[in-house]
Amino acid sequence: TKIRLEEHPENRLIQHLGNNCSMRYSCPAARNFFMGRWECPIPVSPACNSNCLGCISFQPEEHELTSPQERLAFIPSVDEIVEFTLPHLESADRAIVSFGQGCEGEPLLVWQLMRDAIIAIRKKTSRGIINLNTNGSKPKAVEELMKAGLNSIRVSTNSARKSIYESYYLPNNYEFEDIRESARIVRQYGGWASI
């Protein structure tokens, strides 16, 4: 980890993955990146449009719960993303890069950034899988990401029943039906969709 951090001192995202995710929280995906294998995380969003009761990266001060992790505090650039994900996709065994991590909010809130990063990555390599872990709140954004080259999506849910889902996720500006539509769109484009 230390060597790679020294090789990329200006890349805020690599520094976040090393100093925060890997060394502080022992995040398996961050450790995979530094070990050059399997799934590599790409946290991109400091904000969220859900207010999950058990959120691991943000709890309002009035709650008695404490978040076990600190949330990403910046939005990375396309160059910062491509700088480490492209080499990972080109060389890692069973390479996957995944937007949407426990140390961030909802990545679909910065879908244009993800789209631009996916386009830049896919201009250089078709190897590996580009995945999105999401609440699935923006089906139109998901469609644009599929057009850009996204391969798979995992939509977070705690229930297939709307009332239970919404009482836990407390969604802002989206509905339970949006998450179903996002998964449907991924399948329509031939991608892998899971919950």
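Model, not experiment: these values are computed from the prediction.

Caption draft 1: Fine view of the side chain of glutamate 104. Note on placement: glutamate 104 falls in the loop between β2 (93–99) and α5 (111–124). Here glutamate 104 sits buried without a salt bridge, and the closest side chain of opposite charge, arginine 71, lies 8.1 Å off (N-O distance). Side-chain polar atoms of glutamate 104 contact the backbone nitrogen of valine 44, separated by 2.7 Å. One polar contact links the side chain of glutamate 104 to the main-chain amide nitrogen of glutamine 101, over a distance of 2.8 Å. Sequence-distant contacts of glutamate 104, that is, excluding residues within four places in its chain, are made with Ile42, Pro43, Val44, Ser45, Ser57, Arg71, Leu72 and Phe99.

Caption draft 2: Region of the structure containing the sheet that holds strand β5 (residues 192–194). An order of β1-β2-β3-β4-β5 is seen for the five strands of this open sheet, with the pairing classed as parallel. Both edges of this open sheet fall to β1 (37–42) and β5, since each of them pairs with a single strand only. Between one strand axis and the next, the sheet turns by 20 degrees as a mean value, whatever way the strands run. Pairing analysis gives five bridges linking β1 to β2, with the strands arranged parallel. Residue pairing across strands places arginine 37 opposite aspartate 93, the latter belonging to β2.

Caption draft 3: Quick look at helix α6 (residues 139–148). Those residues of α6 lying buried are Pro139, Ala141, Val142, Leu145, Met146 and Ala148. At its buried positions, α6 is contacted by α5, β3 (129–134), β4 (152–155) and α8 (176–188). In the segment just after α6, glycine 149 is the residue with positive phi, at about 130 degrees.

Caption draft 4: The packing of aromatic side chains, seen in detail. Counted according to the given criterion, the structure contains five aromatic pairs. For the ring pair tyrosine 165 and phenylalanine 176, a centre distance of 5.3 Å and an interplane angle of 55 degrees mean the geometry is tilted. Remark: phenylalanine 176 occurs in helix α8 and tyrosine 165 occurs in helix α7 (residues 162–169); sequence separation between them is 11 residues. Neither tyrosine 165 nor phenylalanine 176 differs from the other in exposure class; each is buried. By way of ring pairs, the aromatic residues Tyr165, Tyr168, Tyr169 and Phe176 are connected into one cluster.

Caption draft 5: The side chain of glutamine 101, seen in detail. The residue glutamine 101 is located in the loop between β2 and α5 in this model. In this structure, glutamine 101 is in contact with Ala29, Glu39, Pro41, Ile42, Pro43 and Asn133, ignoring residues within four places of it in sequence.

Caption draft 6: Spotlight on the environment of tryptophan 192. Its place among the elements puts tryptophan 192 in strand β5. Judged by relative accessible area, which is 59%, tryptophan 192 ranks as exposed. For the pair tryptophan 192 and asparagine 151, spaced 41 residues apart in sequence, the C-alpha separation works out to 6.6 Å. The residues contacting tryptophan 192, other than those within four sequence positions of it, are Asn151, Ser152, Ile153, Val186 and Arg187.

Caption draft 7: Spotlight on the pattern of salt bridges. Taken as a whole and judged by the stated rule, the model has seven salt bridges. Here aspartate 93 and arginine 94 are joined by a salt bridge, their closest N and O atoms 3.8 Å apart. Of the charged contacts, one joins arginine 115 and aspartate 116 as a salt bridge, the two residues approaching to 3.0 Å between their closest N and O atoms. Look at arginine 115 and you get partly exposed, because its relative accessible area is 24%. Judged by its relative accessible area of 34%, aspartate 116 falls in the partly exposed class.

The rules behind the values
Residue positions are given per chain, counting from 1 as you read along its sequence in written order. Note on the predicted model: pLDDT of at least 70 is required for a residue's local features to be given, and 80 or more for side-chain atom pairs to be given and counted; whole-chain, interface and lining totals, by contrast, use all residues. Excluding hydrogens and water, the side-chain values take into account all heavy atoms of the structure. Going along the chain from the N terminus, every DSSP run of H or I of four or more residues is numbered as a helix, and every run of E of two or more is numbered as a strand. The buried label applies to any residue whose accessible area, calculated with a 1.4 Å probe on protein chains only, is under 20% of its type's maximum; exposed applies above 50%, and partly exposed to all values in between. In this tally, Asp and Glu contribute negative charge and Lys and Arg positive charge; neither His nor the terminal groups of the chain are included. A pairing counts as a salt bridge when a side-chain nitrogen of Lys or Arg comes within 4 Å of a carboxyl oxygen of Asp or Glu. Here a polar contact is taken to be a pair of N or O atoms separated by no more than 3.5 Å, where protein atoms must pair a possible hydrogen donor with a possible acceptor and residues adjacent in sequence count only if both atoms sit in side chains. Residues count as neighbours in contact if any of their non-hydrogen atoms are within 4.5 Å of one another. When DSSP finds two or more bridges between two strands, those strands count as paired. The convention used is that axes are lines fitted to C-alpha atoms, helices contributing only their stretch in contact, and that angles between N-to-C directions extend from 0 to 180 degrees. Each aromatic pair joins two rings of Phe, Tyr and Trp (for Trp, the six-membered one) with centres within 6.5 Å, and gets the label stacked for planes under 30 degrees apart, edge-to-face for over 60, and tilted for any other angle.

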